[in-house]
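Examining the three-dimensional arrangement
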Amino acid sequence: MSFPGYVLKFGGTSVGSPEAVRKILSILNRYTSEGKQLAVVVSAFAGITDRLLRLVTQAEHCAQNLDTLLEQVGHKHHEMITTLLPESAGQQVQAEIQPLLQELADILHGIRLTREATPRSRDLVMSFGERLSATILSGFFRENGLPAQFVDTRALIITDDRHGSARVLLDESYEKIRAFFRSSGPLPVLTGFIAATQEGITTTLGRGGSDYTASLIAAALGAEELQIWTDVSGVMTANPAVVEQAFSLPSLAYEEALELSHFGAKVLHPPTLHPVLSRNIPVRILNTFEPDFAGTVISAQASRSEHPVTGLSSIDDVALLRIQGSGMVGVTGISARLFQALAQQDINVILITQASSEHTICVAVTPEAVTPARQAIEAEFQLELRLGLMDPVVIEKECAVVAAVGMQMRRTPGISGKLFQALGQHNINVMAIAQGSSELNISIVIAQQDAPKALNVLHRAFFSPKGGPVALFLAGAGQVGTTLLRLLQEHEERQGTEEDMPLRLTGLANSRKILFDPNGIDPEQALERLDAEGSPASLQEIIARVRENPPGRSVFVDCTASQFVADLYPDIIRAGSAIVTANKLANTAGHDFYLSLRQLAAEQGLPFRYGTNVGAGLPVLRTLRMLLDSGDRITKIEGVLSGTLSYLFNTYMAGGRPFSEIVRTAREQGYTEPDPRIDLSGTDMARKLLILIRETGVAMEMEEIDLQTFLPASCFASGSIDDFFLALEKQDADLAVLRKKAAAELQKLCYIAVYEHEENQARLSLQRIGPEHPFFNLKDSENIVAFTTEFYHETPLVIRGPGAGLEVTAAGVLADIIETVRILKR
């Protein structure tokens, strides 16, 4: 039989709202105007299947709210009718569904009386979702000039009595389907998901059952095409909820689609393809909400792609069972016994891998199958276990399977090497590997927590363009940003003029304007162009522009002190850009945000670098990480972390000038912020201490730091800058007394940050220190940090040098940029 037209299946979200249903009508009208013959398969309305399952559970437990939940199901369908249909037509459809709702209520009350839901009764309850939706939709189509008829597929698709996931009897089903379609009639609106036994007992087809129904109809009729209408634009290169840069594939081969669907690609379920594959019927995945998008065509032969890997897929929450032992080596039948034992317990094996030495076999199963699988293995190999020829079964839970799939992987050298190199560079451990001789699929088992990171890393490795410059976007054109532009110009000159420049400045913004040029902005002319060509600054435009670059091929550089910019970091990372920042606000926000930012960057496989947050160009954070990575443990941190405060007190102790005068001069010379209270409050120094503490793994908030200012609150509460200096002058006498006492004992005043790990206490205070103290010989605006650790417990490890200044800070930012680019270009 030949069916000159399409079989269309619309899923739950496609029939989930009146607006979506109207889009379906538009799609059907377009096809009918082209003279296409159609058959429509529909799922239950969005959320109804889950509600029906809940009703069964509530009925079993005699829940008091059963009637209320049942009313909610009825209300959902009544609401759809009243929204879609005029009153007269609506009343007719209401009359059609009312017996169905009453039948559902009677069945549920029966379950409540017996307090037991058998698989048979559960299937019957589940069937009402599709029966109700198909009834309403056929009525809606008729009312809108499209002749349509409700078709209950329980009369067409015949199965065995395996309730919950029945097996279809193909010959009998195909015969009934063809017999029905031989007589022409109105547009058939068929129920997906449900079927019946030869005795007429209702069954269901399991996960993805509506897709399977449509595939069976298409195969029986020899349709031109099977169309699966969903809420996504075709099959994507990866799950877009995890990999934001995933994109739609124009075509797939049947084999590729089967592999991707087996390993978790949710847009398609494995059984769907088998009927149409045997008849060589193309399958097109389309988006109900973007009907003009071409979608993805699945057929015998996909069009050739520039990427050898077609797509990535994953199965979350699996367990890995490992059997091993010297008694397995060279013994025939071990594998057969293992899989027969698992099959007898109806355990589905997701992945299999065996070492060539025959010493080890690993199988991946779902978490609920772990216990019966272990018991089945132990029962089958009880003799080997008792004699010590086989080790006890090893179980590793909270795992995930990630698969790379592609027809062009065959005979393409280097695919496996590229995959493992990408994972290794991001410290993702592979627990098991499987690859068939067809080379169509490479599957790996990793820790569940690494799955998002692995998908993003692999997507970038296989789908991002390589070579060419990395795009740079600079936020902040103040003193540090301006100095960085000069250093970028010098760096560019050192690199030469070859085409493959490591860096290309493509964006620049200050608080007022924003400038983008994908062809590049000359750093020497950047500020002039920003002023002349820049448009009004928009934070959302920054995200949009960053997203224009291929994922992993851009670096966002923050040289501001803006909270608004810091708040953008998560969106910037999701857009596929690495971040380099001199802005401390993101790292000193709430600890939850601090952790989530790092987790997001790790999941996306993107660098997040902030080496200048503490010590400007000094390698403070880098040294701390090296200590921690080596296994050392920090017991104490001491430091002068403010170049401004270091300069003020070093200058103050060197002569007899009043403190207020030194602050005024320092402000005039640019050594302080325009408002010196920012420096003198100690808040900036406290932020730096907090970052150091958090880097050691301690969860601390800013409010937990004991910040002891050396000036009274009246100085910080004063209104204008002039008022502040008047208030500061009143403190000159008290500060002079402190200076005199310190000098009399050959000491000096020093504002010091201290963290004691054992007490988990952090404080900042003005202290008197003598020549024996490592901070005594500080000069000018130097910073100093001393780490006392288990390895450096007698003599602390000290880092000292310029901790402030435009040159050193900008140079530190540039160093972070260069290191980030090296990582991205690997």
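Observations concerning a nonpolar patch on the surface
- Residues L383, L387 and L389 make up a contiguous nonpolar surface patch of roughly 280 Å² in combined accessible area.
- Tracing the chain through its elements places L387 in helix α12 (residues 382-387).

Focus on the environment of H274
- Within the secondary structure, H274 sits in helix α9 (residues 270-279).
- Overall, the relative accessible area of 48% leaves H274 in the partly exposed class.
- Along the backbone, H274 and I111 are 163 residues apart, and their C-alpha atoms lie at a distance of 36 Å.

With respect to the sheet that holds strand β24 (residues 608-609)
- In spatial order, the strands read β21-β20-β19-β18-β22-β23-β24; together these 7 strands make up an open sheet with mixed pairing. With one partner strand each, in any of the chains shown, β21 (535-536) and β24 form the two edges of the open sheet.
- Direction of pairing for strand β22 (residues 554-558) relative to strand β23 (residues 578-581): parallel, over a ladder of 4 bridges. Within β23, the position partnered with D558 by the bridge is T581.

Some points on the confidence of the model for the chain
- Overall, the predicted model of the chain reaches an average pLDDT of 91, with 97% of residues at or above 70.
- By mean pLDDT, the top-scoring element of the chain is strand β4 (residues 158-159) (98), and the lowest-scoring one is helix α17 (residues 539-547) (80).
- With pLDDT under 50 throughout, residues 497-501 is counted as low confidence; its partners more than four residues away or in other chains account for 10 contacts.

A short note on the packing of aromatic side chains
- Scanning all chains against the criterion turns up 16 aromatic pairs.
- Taken together, a centroid distance of 5.6 Å and an interplanar angle of 85° make the contact between F247 and F463 edge-to-face. Separated by 216 residues along the polypeptide, F247 in the loop between β8 (223-230) and β9 (251-253) and F463 in helix α14 (residues 451-463) bring together distant segments of the chain.
- Looking at F463, the relative accessible area reads 8%, which means it is buried.
- By way of ring pairs, the aromatic residues F649, Y652, F659, F710 and Y751 are connected into one cluster.
- In this structure, R30 is placed above the aromatic ring of Y31, and the distance from its NZ or CZ to the ring centre is 5.3 Å.

Comments concerning the packing of helix α13 (residues 415-425) against α14
- At a closest axis distance of 9 Å, the pairing of α13 and α14 adopts a crossing angle of 135°. As far as their axial angle goes, α14 and α13 are oblique. α14 is crossed by α13, and the crossing has right-handed handedness. Here α13 contributes I415, K418, L419, A422 and L423 to the contact with α14, which in turn contributes A454, V457, L458, A461 and F462.
- Its residues assigned to classes, the contact of α13 with α14 shows 9 nonpolar, no polar and 1 charged.

Each value, and the rule that gives it
- Residues numbered from 1 in each chain as written.
- Predicted model: local features only at pLDDT ≥ 70, side-chain atom pairs only at ≥ 80, totals over all residues.
- Heavy atoms only, no water.
- Patch = residues over 30% accessible without salt bridge, like charges linked within 9 Å, V, L, I, M, F, W, Y side chains within 5 Å.
- Areas by Shrake-Rupley, 256 points an atom, 1.4 Å probe, with all protein chains shown as cover.
- Salt bridge = Lys/Arg side-chain N within 4 Å of Asp/Glu carboxyl O.
- Helix = DSSP H or I, 4+ residues; strand = E, 2+ residues; numbered from the N terminus.
- Buried < 20%, exposed > 50% of the residue type's maximum accessible area, 1.4 Å probe, protein only.
- Pairing = 2+ DSSP bridges.
- pLDDT = per-residue confidence, 0-100.
- Contact = heavy atoms within 4.5 Å.
- Phe/Tyr/Trp six-rings, centres within 6.5 Å; stacked < 30°, edge-to-face > 60°.
- Lys NZ or Arg CZ within 6 Å of the ring centre and 35° of its normal.
- Axes fitted to C-alpha atoms, helices over the stretch in contact; angles between N-to-C directions.
- Parallel < 35°, antiparallel > 145°, perpendicular 65-115°, else oblique.
- Left-handed = near helix turned anticlockwise from the far one by under 90°.
- Nonpolar A, V, L, I, M, F, W, Y, C, P; charged D, E, K, R; others polar.

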